[in-house]
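Topology and contacts: notes
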Amino acid sequence: MFADAAEFKRAFQNRLEMAYGKNFQYSTKREQFHTLGTMVRECVSAEWIRTNESYRKTRKKQVYYLSIEFLLGKLLRQNLLNLGLEEIVSEGLADLGIDLDELEDQEADAGLGNGGLGRLAACFLDSLASLDLPGHGYGIRYKYGLFEQKIIEGYQVELPEQWLRHGHVWEVRKADESVEIPYWGKVESSVENGKLIFRHYDAETVTAVPYDIPVIGYRTRTVNTLRLWTAEPSRTMDSKHILQYKKDTESISEFLYPDDTHDEGKILRLKQQYLLVAASLKSIILTYKKQNTSLLSLHDHVAIHINDTHPALAVPELMRILIDEEGFSWNEAWHITRNTLSYTNHTTLSEALERWPTSIFQPLLPRIYMIVEEINERFCRDLWEREPGSWAKIESMAIIANGEVRMAPLAIIGSHSVNGVAKLHTEILKKREMRLFAETFPERFNNKTNGITHRRWLLKSNPSLSNLITGAIGDGWIRETEKLEELLSFKDDAGFLQELDRVKSANKERLAGIIFERNGFSVDPSSIFDVQVKRLHAYKRQLLNVLHIMYMYNRMKEDPGYHFYPRTFIFGAKASPGYYFAKKVIKLINTVAEKINRDKDAEGRLKVVFLENYRVSLAEDIFPASDISEQISTSSKEASGTGNMKFMMNGALTIGTLDGANVEITELVGRGNIFLFGLTAEEVLSYQKYGGYHSHEYYHHDKRIRQVTDQLINGFFPDTENEFTAIFDSLLSHHDQYFVYRDFASYVKAQEKVGKSFQERETWLKSSLVNIAKSGYFSSDRTILEYAKEIWKIDPKTQSSLDI
Ligand SMILES: *Cc1c(COP(=O)(O)O)cnc(C)c1O
């Protein structure tokens, strides 16, 4: 590390000239960024080695978090902050005439995820390292991250996200730790020394090569590892069709599937899942065997977590290793496997529940399929013995049924813990979606409400608010976020509230600058910044938001007595490329924006902004500048949400349904500090039970609804003939599955309340303060400590990596 800015500056200049063989004054921003990144990574190397050495020597129980996505974003600023180097580095760079912010702009977002699930995995890694816990991530190093979104004439256009074009400074290729992964082929069994032996032959082998990224804890000495795999051609393959083989192999880790709410059932996706699982388990067991002799007590030393069902093949793969390679009996292997694995469910949307046709699964993974069949048979037999004659129940719980392998049952049956991600979500799992499993294995089901790392989502992304907080209550909240509650004593401190207002205004000014730069028009920072940023999905109901904007606009045009506080509606959302409806909603938002933003009558009153290419780095600019957080999913559909927590932590007030973690937000801040509306989860679920509701009635009885709906198709928007018929039909012909009409009136009312409340400045600021003060609960440190104690059985007190 560096003693001071001068030492850093010398080293930096020297490194850059050595690396690029050119005089410093001619170096480009990219070269400067790359040099700085390399230096930071090397700074960390000694502690990385030390951490691993300590794990080896102390033989602490290790946690491995398997996830098909890690939505990391940029790492430079966070790493500097965690290392405590931010000041020295920015000072040293400034001396050289370089702005650290500009170097940060050079870094590409590591967008190896779709949204919430992948971002959760990234937050968890930050918390594990910051809490000195021995926890590591395993994922896939996609050559292309989630697509880059461009908006052209209001439509989403997708471009490949070439995040690796200039390399990734944080990674280290570990070719010597590559492992071979077999696909296809045949399995034969024979008896040797009285034991049944299985041999997998004629397989197509692929080499999985790991790239390691150091995960640096906040001001601790712990450096954990995120290991990402790529698929490369194996040297052992002497295929006749070598070019085709090479292409097929490399395609495995080429693309991230851009849809997390629909199961595509594609063979390439299954190949990705097996790559992740087989390579990770090989690597985990290799590490384990260097320190321990018997795998019989694997679960005392290793916990493997399955993030959603994408890595659920870990169940049969671990069984395969224990039985075929290590010679354990089925029962021994089952005991070890179940006690090692745990699983998180992320959704109750049935279209998202993964299932694989056996006609794909069986030939691609023949030995794994045999094991899944055996697990299934034993499980069904157990059920039968518990409850003879319960055919229907067994069929609905079976892992294999109707020619498909169901991944959720596989994960539940093969784990010792199954958790949901918010109170309501876990209740719905236990009482409805997974009721039979919860009744069969009640001790397995538990809740772990999601969290976010406050180090990125507050400390790094909102420095002025962080400084204000620290000035008021000291910096203890950075380690223990519950201490944010101490802010409550400033509720009646007019001076402090004014400062809070000033910080928010400055952040809004900054975002207005970004909007001007990107969208080419200005927005009024004193208007309400009303923000909905998240993936575009029918259940998240961006449509409800737009229809409400249309209603406001209509009324503004027609009713001279209509007064409302000026609003800027801000959207950010990517739609899956194949999701027709979602793309139409994007077009609608942009069409409404165009109409309103061009209308002189709306000037100074209404603005609509669509920020393209929503991603982690853009999110970091948005949350600190938001007044209103739109969390308006159809109740029961959003498992938790984590965007809602980021907004809250940055002092935005939520308008939302009682869905996902909004329920816990409400419990924490109280109903007076949140704008609730709409059906409850119970109401939605009971409507659904009886086949939905009559959306036509709402269309006919509510003029406002009729007007905005008709505008979708009657030429209200020029040149959009037939453009929005799919949306129109979803509301009327398809009975408005997501209850947009049903919740419309209630939403309008809640929005009116928002407009009025915003003008009562002191009350509003107090609410904002309460939201910040109560947001400590949503630190992912709290979440991770719960996982550590209750699922992984690692006690943070004795697990510190510092005791060597
Ligand atoms: C937090 C986050 C999400 C998840 O947002 P939700 O509102 O919970 O769906 C998605 N994308 C990015 C870039 C995020 O930072």
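Residues numbered from 1 in each chain as written. Predicted model: local features only at pLDDT ≥ 70, side-chain atom pairs only at ≥ 80, totals over all residues. Heavy atoms only, no water.

**Structural notes on the sheet that holds strand β16 (residues 400–401)**
Adjacent strands of a sheet form backbone hydrogen bonds with each other and so pair up, either parallel or antiparallel. For the record, the criterion: Two strands pair under a simple rule: DSSP has to find at least two bridges between them. For the purposes of this entry, the term helix denotes a DSSP run of H or I that reaches at least four residues, the term strand denotes a run of E that reaches at least two, and both are numbered from the N terminus.
Strand order in the open sheet formed by three strands is β15-β17-β16, with antiparallel pairing between adjacent strands. For this open sheet the edge positions go to β15 (355–357) and β16, each flanked by a neighbour on one side alone. As paired elements, β15 and strand β17 (residues 404–406) share three bridges and run antiparallel to each other. Within β17, the residue paired with Trp356 across the bridge is Val405.

**Some remarks on the sheet that holds strand β20 (residues 528–533)**
Put simply, the rule reads: It only takes one pair of heavy atoms within 4.5 Å for two residues to be counted as in contact. The axes are straight lines fitted to the C-alpha atoms, using for helices just the contacting stretch, and the angles between their N-to-C directions are given from 0 to 180°.
One open sheet accounts for six strands, arranged β22-β21-β20-β23-β24-β25; its pairing is parallel. The open sheet terminates on both sides in strands that have one partner only, identified here as β22 (606–610) and β25 (675–676). Bridge count for strand β21 (residues 567–572) against β22 is five bridges, and the pairing is parallel. Looking at β22, one finds that Ile570 is bridged to Val609. Packed on one face of the sheet, helix α21 (residues 494–519) meets β20, β21 and β22 and runs near 65° to β22.

**What to know about the pairing of strand β1 (residues 62–66)**
In plain terms, the rule: For each residue, the accessible area found with a 1.4 Å probe, counting protein chains only, is set against the maximum for its type, and the residue is called buried under 20%, exposed over 50%, and partly exposed in between.
Of all five residues that make up β1, five are buried, and the element is covered over most of its length. Burial of the side chains of β1 extends over both faces: Gln62, Tyr64 and Leu66 are buried on one face and Val63 and Tyr65 on the other. Bridge count between β1 and strand β13 (residues 302–307): five bridges; the pairing is parallel. Looking at β13, one finds that Leu66 is bridged to Ile306.

**Points about the packing of aromatic side chains**
To keep it simple, the criterion reads: Aromatic contacts are taken between Phe, Tyr and Trp rings whose centres are within 6.5 Å, Trp giving its six-membered ring; a plane angle under 30 degrees counts as stacked, one over 60 as edge-to-face, and the others as tilted.
Scanning all chains against the criterion turns up 31 aromatic pairs. Where Trp457 meets Phe623, the ring centres are 5.5 Å apart and the plane angle is 85°; that geometry is what we call edge-to-face. Of this pair, Trp457 sits in helix α18 (residues 454–460) while Phe623 is found in the loop between α24 (616–622) and β23 (628–631), placing the two residues 166 residues apart along the sequence. Residue classification places Trp457 among the buried positions, given a relative accessible area of 1%. Relative to Phe716, the ring of Tyr553 has its centre 6.5 Å away and its plane inclined at 65°; by these criteria the two rings are edge-to-face. Here the residue Tyr553 occupies a position in helix α22 (residues 542–558), and Phe716 occupies one in the loop between α29 (703–711) and α30 (725–731), the gap between them amounting to 163 residues. Following the ring pairs from residue to residue traces out a cluster consisting of Phe2, Phe8, Phe12 and Phe24.

**What to know about the site of the ligand**
Condition: In this text, near means that some heavy atom of the residue lies within 4 Å of the molecule or strand in question. The term polar contact refers here to a pair of N or O atoms within 3.5 Å; inside protein, the definition further demands a hydrogen-donor-capable atom paired with an acceptor-capable atom, and it admits residues adjacent in sequence only when both atoms are side-chain atoms. Each accessible area value is a Shrake-Rupley result obtained with a 1.4 Å probe; residue values ignore everything except the protein chains displayed when judging cover. Just so you know the grouping, Ala, Val, Leu, Ile, Met, Phe, Trp, Tyr, Cys and Pro go in nonpolar, Asp, Glu, Lys and Arg go in charged, and all remaining residues, Gly too, go in polar.
Close contacts around the ligand come from 13 residues, with Lys534, Lys540, Thr642, Gly643 and Lys646 the closest. Here Lys534 contributes a side-chain N or O atom positioned 2.7 Å from an oxygen atom of the ligand. The backbone of Thr642 places a nitrogen or oxygen atom 2.8 Å from an oxygen atom of the ligand. Coverage of the ligand by the protein amounts to 95% of the 390 Å² it exposes when considered alone. Within the shell around the ligand, the residues separate by chemical class into four nonpolar, five polar and four charged.

**Considering a negative patch on the surface**
Quick note on the threshold: Patch construction takes residues with relative accessible area above 30% that form no salt bridge. Like charges are linked within 9 Å, and nonpolar side chains (Val, Leu, Ile, Met, Phe, Trp, Tyr) are linked within 5 Å. Should a side-chain nitrogen of Lys or Arg be within 4 Å of a carboxyl oxygen of Asp or Glu, the pair is scored as a salt bridge. Residues scored as positive are Lys and Arg, those scored as negative are Asp and Glu, and His as well as the terminal groups of each chain are ignored. Throughout, a charge is located at the NZ atom of Lys, the CZ atom of Arg, the CG atom of Asp or the CD atom of Glu.
On the surface, Asp4, Glu7, Glu87 and Glu91 cluster together into a patch of negative charge. Considering the arrangement of structural elements, one finds Glu7 in helix α1 (residues 5–20). A relative accessible area of 31% means that Glu7 is categorised as partly exposed.

**A short note on the pairing of strand β18 (residues 417–420)**
The side chains of a regular strand alternate, residue by residue, between the two faces of the sheet. Burial along β18 is two-sided: Ser417 and Asn419 facing one way and Val418 and Gly420 facing the other are all buried. Bridge analysis of strand β14 (residues 341–344) against β18 gives three bridges, and the strand direction is parallel. Residue pairing in the sheet places Ser342 in a bridge with Ser417 of β18. As paired strands, β18 and strand β19 (residues 445–447) are joined by three bridges and run parallel to one another. What sits directly across from Val418, in β19, is Phe445.

**Observations concerning the packing of helix α6 (residues 116–130) against helix α33 (residues 780–791)**
Each packed pair of helices is defined by two parameters, the angle between the axes and the distance between the axes. Inclusion rule: Here is the rule for angles: anything less than 35 degrees is roughly parallel, anything more than 145 is roughly antiparallel, 65 through 115 is roughly perpendicular, and the remaining ranges are oblique.
Taken N-terminus to C-terminus, the directions of α6 and α33 make an angle of 75°; their axes are 9 Å apart at the nearest point. On the basis of their axis angle, the class for α6 and α33 is roughly perpendicular. For the pair α6 and α33, contact is made by Cys123, Phe124, Ser127 and Leu128 and by Ser780, Asp781, Thr783, Ile784 and Tyr787, respectively. Split by residue class, the contact of α6 with α33 holds five nonpolar, three polar and one charged.

**Some words on the environment of Gly403**
Mapped onto the elements, Gly403 comes out in the loop between β16 and β17. C-alpha of Gly403 to C-alpha of Gly21: the two residues are 382 residues apart in sequence and 61 Å apart in space. Not counting the four nearest positions on each side in its chain, Gly403 is found in contact with Trp356, Pro357 and Thr358.

**So, the side chain of Thr261**
By the element assignment, Thr261 lies in the loop between α7 (242–251) and α8 (267–291). Since its relative accessible area comes to 12%, Thr261 is described here as buried. Within polar-contact distance, the side chain of Thr261 engages the side chain of His537 at 3.3 Å. For Thr261, the contacting residues outside a window of four places in its chain are Leu349, Glu351, Ala352, His537 and Tyr539.

**Here we look at unusual backbone geometry**
Of note in this structure, Arg59 is not a glycine but carries a positive phi near 50°. Assignment of secondary structure puts Arg59 in the loop between α2 (29–58) and β1. With phi around 55°, Trp184 is a residue other than glycine that occupies positive phi space. Secondary-structure assignment places Trp184 in the loop between β8 (179–183) and β9 (186–192).

**Thoughts on helix α32 (residues 761–774)**
Note the threshold: Every helix has an expected span of 1.5 Å times one less than the residues it contains.
Relative to the 20 Å expected for 14 residues at 1.5 Å per residue, α32 spans 20 Å between its end C-alpha atoms, a close match to the ideal helical length. A large share of α32 lies buried, amounting to 10 of its 14 residues. Every buried residue of α32 is accounted for by Trp764, Leu765, Ser767, Ser768, Leu769, Val770, Asn771, Ile772, Ala773 and Lys774.

**Observations regarding the pattern of salt bridges**
Under the criterion given, the structure shown has 55 salt bridges. Between Lys508 and Asp627 there is a salt bridge, and its shortest N-O distance comes to 2.6 Å. Here Asp627 lies in the loop between α24 and β23 and Lys508 lies in helix α21, a separation of 119 residues in the sequence. Residue classification places Lys508 among the buried residues on the basis of a relative accessible area of 4%. Residue classification places Asp627 among the buried positions, given a relative accessible area of 4%. For Glu786, the salt bridge goes to Arg782, with nearest N and O atoms at 3.4 Å.

**Brief notes about the nonpolar core**
This is how the line gets drawn: To form a nonpolar core, buried Ala, Val, Leu, Ile, Met, Phe, Trp, Tyr and Cys residues must be joined to one another through side-chain atoms within 4.5 Å.
Grouped together as the largest cluster of nonpolar side chains are 136 residues, with contacts concentrated most on Phe12, Leu36, Phe361 and Trp792. Sort the elements by how many residues they give to this core and α8 lands first, with 11 residues. Dropping the residues within four chain positions of it, Phe12 is found in contact with Phe24, Gln32, Thr35, Leu36, Met39, Leu93, Leu96 and Ile98.

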